[in-house]
Amino acid sequence: MLKRIKGRIISKGIGEGDAVVTSQPLSFLGGVDPKRGVIIDLKHELYGVSIVGSVLAFPQGKGSTVGSYVMYQLKRNGKAPAAIVNASSETIIAVGAIISNIPLIDRLDVDPIDAIKPGSHVLVNCVDGFIEVET
Amino acid sequence: MHLNRNDEDILAGELGAVKQKAMEILVALGDIYGAERLVPIESAQIAGVSYKTIGDAGLEYLTDLTGSVTVPTMLNPMGMDRYKWRQMGIDELFVEKQLAIIRKYEMLGIDAQCTCTPYYVNAPRKGSHLSWSESSAVSYANSVLGARTNREGGPSALAAALVGKTPEYGYHLDKNRVPDITIKTDFPLQGADFGALGYVVGKIVHSRVPQFSFVTQPNDDELKALGAGMAATGAVALYYSERRAKPSETLELSRSDLDIYSSSEPDAVVLGCPHCSRSELTEIARLLDGHTVKRPLWICTSRFVADRCRSLITRIEETGANVICDTCMIVSPAFEKRRLMVNSGKALEYGPSLCNSHTVMGTTADCINIACNA
C-alpha cells in the first residue's frame, strides 16, 4: 500500500529512492564525504552509511553554511541523495538543495522520521508537494 | 510571501538561470522564516572567501556561477595577504586556489576588498537594509550604525547580492530589535576589556538582544570588540550600548567575571581581530615606539585602511612587526597549530576551535609587551 503525505516544497523537482532516516541533525561540512557520498561524522548514528541516490530524511541541518557548497559538490560528483525530507528546513539545507537541484520537502503532515521506514522506497514530489511511502 | 512583478519575472527565469536560482533561495528562506516580502538592500558582504574555509566545494560552486551582483558587495578576509603570502609561509597550491576564488568573485562584479570591517570602507546608512554575513560586522552594522541585517551565511548573502533584495524577517523588523536583557557593569572598562566582556556575555545570552549599562560609554573600537566577542561565543547580532527599554531580566557582572586574561609563552602575537581601525593602529604604533619586536607580531587590517595609514604602518614595521592585509588569524592557515596571544575575545574563541591553536588573551599593551620581551 502506498500512502501520500503532504508537505511544503522548498526545492523543486521529483526524486525517488530507498530511505536513509535519522532523528539526528546533519552537518554536510565535515559530516559527509563529497567524493563518496558517505557519512563520515564519527559521532553520527549514520556513520559509514551511503546517502548516494537515497531519499535522505533528517530533522534539519546544522554546522557551517559551507555545508550548502558540499551538497553542490556531492551533486557534481554524482553522489547526492535523490531527494531530501526535513522535519523543518533551515538555511544550510534549503540553500544547498536549491543550488544543487535536489528536491527538498519539509513540514509534512506527520513526522517524517516516524513515517518513513529506513530502507523502504520513497517518492518525493516537489512539484505538487507530497511524498509517497510504503505502508 | 508577496512578490512583485519584477520578483516574479526573476523567479520565472526571465533574467537568466543564475538570478532565478538566487531568487528561489530568497523565496525559500522567506517562507521558512515567515517573511511577508522582499526588501531592497543597500549592500552585501559575503563570508566564505578563504580557501581554508570553503575548500574545493566552494570553489567548484563559484566556478560554475555566472552573472553579476546588483548592489555594492564586499568580501570577508581570505586566507593570505595577497602580496605577503610568502612571508606568511603559505604554500603555492593554497595560493593558486585562493587566487582562483578571488578571481571568480571579481568576475561576479564583487569588490574584492577582503575585510571583516567593510564599514570602514563604506559605512551603511542608518535604517538601511543589508545582507551581511561576517558576524562581527553584522553586529556593528546593527548596533553601532543602526542599519539592519540578519546573520547571513555566505551562500544566502551571495543570493541577496545577485538579486539586490533580502527576505524581510528577523532583525529587519522593529519587533525583533527590542532589548530583552540588561547587562550591568559597575566598574570601569577599557580597550580589550570590552572584547573580554563580549566573550563572557555571548556565552550567557546566546542569540538574545542585550542592552548594557556602563560606567563610561565605550568608543567605536571598543564597541567593535564587544560585538565581535558576543557574536563569536553567542549568536548576538544586535545589542545596545545604553539602556533603551525595561527588560524584566538584569544581570550584574563583577570584575572577576571578566577575569579571562592570561599570559603564556606564545610563539606568535596577533592583533587585529576584527581588522584594525586607524585609531587602533595609532595605539599600536605608540606602544611599539622605541621597542624592537623579539617574537613574531602580526597585525591584521584592511587594505583600505592600510593604504590610508602608510606612515603609521612604516613606524610599526620598523620595530620588526608585520602588518598584513586581506586576511586574518582565523581564516588563514598561517596561524594553525600554534601558541597564540591575542587582544580579542573573538580570536580567543576561534583560535582553539578553528585554528587548533592554544590561545590566550591580554590587553593590547600586554600583547605588545610579550612580543617585545621574549
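All chains use their own residue numbering, which begins from 1 and follows the written sequence. All chains are assigned letters beginning with A, and all ligands numbers beginning with 1, in the order in which they are written. Totals for whole chains, interfaces and linings use every residue, but because this is a predicted model, local features are given only for residues with pLDDT of at least 70 and side-chain atom pairs only at 80 or more, for both listing and counting. Only hydrogens and water are set aside when side-chain values are computed; all heavy atoms of the structure are taken into account.

(A) Representation of the sheet that holds strand S5 (residues 130-132) of chain B. All names here are of chain B. Strand pairing is defined by DSSP finding a minimum of two bridges between the two strands. Going along the chain from the N terminus, every DSSP run of H or I of four or more residues is numbered as a helix, and every run of E of two or more is numbered as a strand. One open sheet holds the 4 strands; their spatial order is S4-S3-S2-S5, and the pairing between them is parallel. Of all the strands in the sheet, just strand S4 (111-114) and S5 have a single pairing partner and so form its edges. Taken pair by pair, the neighbouring strands of this sheet meet at an average axis angle of 20°, ignoring direction. Pairing of strand S2 (residues 43-46) with strand S3 (residues 73-75), which is carried by 3 bridges, proceeds in the parallel orientation. Within the sheet, the bridge partner assigned to Ala44 lies in S3 and is Thr73. Here, residues are in contact when the closest pair of their heavy atoms is within 4.5 Å. The convention used is that axes are lines fitted to C-alpha atoms, helices contributing only their stretch in contact, and that angles between N-to-C directions extend from 0 to 180 degrees. In this fold helix H7 (residues 154-163) packs onto S2, S3 and S5, with an angle of close to 150° to the strand it touches most, S2.

(B) Fine view of the interface of chain A and chain B. At the interface, 20 residues of chain A touch 21 residues of chain B. A per-residue breakdown of the area chain A buries against chain B is headed by A:Tyr69, A:Tyr72 and A:Ile98, which together make up 32% of the total. One speaks of a salt bridge when a side-chain nitrogen belonging to Lys or Arg is within 4 Å of a carboxyl oxygen belonging to Asp or Glu. Our count for the contact surface shared by chain A and chain B stands at 2 salt bridges. With its nearest N and O atoms 2.9 Å apart, the salt bridge here joins B:Asp64 to A:Arg76. What qualifies as a polar contact is a pair of N or O atoms within 3.5 Å, subject to a donor-acceptor requirement within protein and to the restriction that residues adjacent in sequence count only when both atoms come from side chains. Our count for the contact surface shared by chain A and chain B stands at 7 residue pairs in polar contact (both at pLDDT 80 or more). Accessible area that two parts lose when put together, with a 1.4 Å probe and added across both, is what the buried area reports.

(C) Local environment of the pairing of S2(B). Residues and elements named next belong to chain B. Of the two faces of S2, the one carrying Ser43 and Gln45 and the one carrying Ala44 and Ile46 are both buried. Strand direction decides the pairing type here: S2 and S5, joined by 3 bridges, are parallel. Residue pairing in the sheet places Ala44 in a bridge with Ser131 of S5. Crossover handedness is defined here as right-handed if the route from the first strand over the helix to the second strand goes clockwise, with the strands pointing away from the viewer. Note that the unit made of S2, helix H3 (residues 51-64) and S3 has a crossover that is right-handed. Each residue gets one of three labels from its accessible area relative to the maximum for its type: buried under 20%, exposed over 50%, partly exposed in between, using a 1.4 Å probe on protein chains only.

(D) Broad picture of the packing of aromatic side chains. Each pair of aromatic rings taken from Phe, Tyr and Trp, with Trp reduced to its six-membered ring, is defined by centres within 6.5 Å and is described as stacked if the planes are under 30 degrees apart, edge-to-face if over 60, and tilted in the remaining cases. According to the stated counting rule, one finds 11 aromatic pairs over all chains in the structure shown. Ring geometry for B:Phe212 against B:Tyr239: centres 6.0 Å apart, planes inclined by 85°, an arrangement best described as edge-to-face. With B:Phe212 in strand S8 (residues 210-213) and B:Tyr239 in the loop between helix H9 (220-233) and strand S9 (250-253), this pair connects stretches of sequence that are 27 residues apart. By the burial criterion, B:Phe212 is buried, and B:Tyr239 matches it. Taken together, the ring pairs connect B:Phe194, B:Phe212, B:Phe214 and B:Tyr239 into an aromatic cluster. In this analysis the charged atom, NZ for Lys or CZ for Arg, is taken to sit over a ring once it is within 6 Å of the ring centre and within 35 degrees of the ring normal. It is A:Arg4 that lies over the ring of A:Phe130; its NZ or CZ is 3.8 Å from the centre. Over the ring of B:Phe304 we find B:Arg308, and its NZ or CZ is 3.7 Å from the ring centre.

(E) The arrangement of a nonpolar patch on the surface in detail. Patch rule: a residue counts if its relative accessible area is over 30% and it has no salt bridge; like charges are joined within 9 Å, and nonpolar side chains (Val, Leu, Ile, Met, Phe, Trp, Tyr) within 5 Å. Values of accessible area rely on a 1.4 Å probe in the Shrake-Rupley scheme; residue burial ignores everything except the protein chains shown. Residues A:Ile40, A:Leu42 and A:Tyr47 make up a contiguous nonpolar surface patch of roughly 340 Å² in combined accessible area. By secondary structure assignment, the location of A:Leu42 is in the loop between strand S5 (38-39) and strand S6 (55-58).

(F) Inspection of the confidence of the model for chain B at higher detail. Looking at chain B as a whole, the pLDDT averages 96, with 100% of positions reaching at least 70. Predicted complex metrics record ipTM = 0.89 and pTM = 0.94. Along the chain, pLDDT gives the predictor's confidence residue by residue, from 0 to 100.

(G) How the structure looks around the domain arrangement of chain B. Residue and element names in this part refer to chain B. What marks off one domain from the next here is an automatic or database domain assignment. Each domain of chain B was delimited in the assignment, giving domain 1 (5-174), domain 2 (178-258) and domain 3 (268-372). A C-alpha centroid distance of 27 Å is found between domain 1 and domain 2. On the domain 2 side, the residues contacting the 14 residues of domain 1 number 16 residues. Buried area between domain 1 and domain 2, both sides added, is near 1100 Å², and the carbon and sulfur share of it is 56%. The interface formed by domain 1 and domain 2 holds 0 salt bridges in total. There are 4 residue pairs in polar contact (both at pLDDT 80 or more) connecting domain 1 and domain 2. When contributions to the side of domain 1 that touches domain 2 are tallied by element, the ones reaching two or more residues are helix H5 (118-121) and helix H6 (135-143). Sort the elements by how many residues they give to the side of domain 1 that touches domain 2 and H6 lands first, with 7 residues. Looking at side-chain class alone, the side of domain 1 that touches domain 2 contains 6 nonpolar, 6 polar and 2 charged residues. Gly counts as polar in this scheme, as do all residues outside two lists: the nonpolar Ala, Val, Leu, Ile, Met, Phe, Trp, Tyr, Cys and Pro, and the charged Asp, Glu, Lys and Arg.

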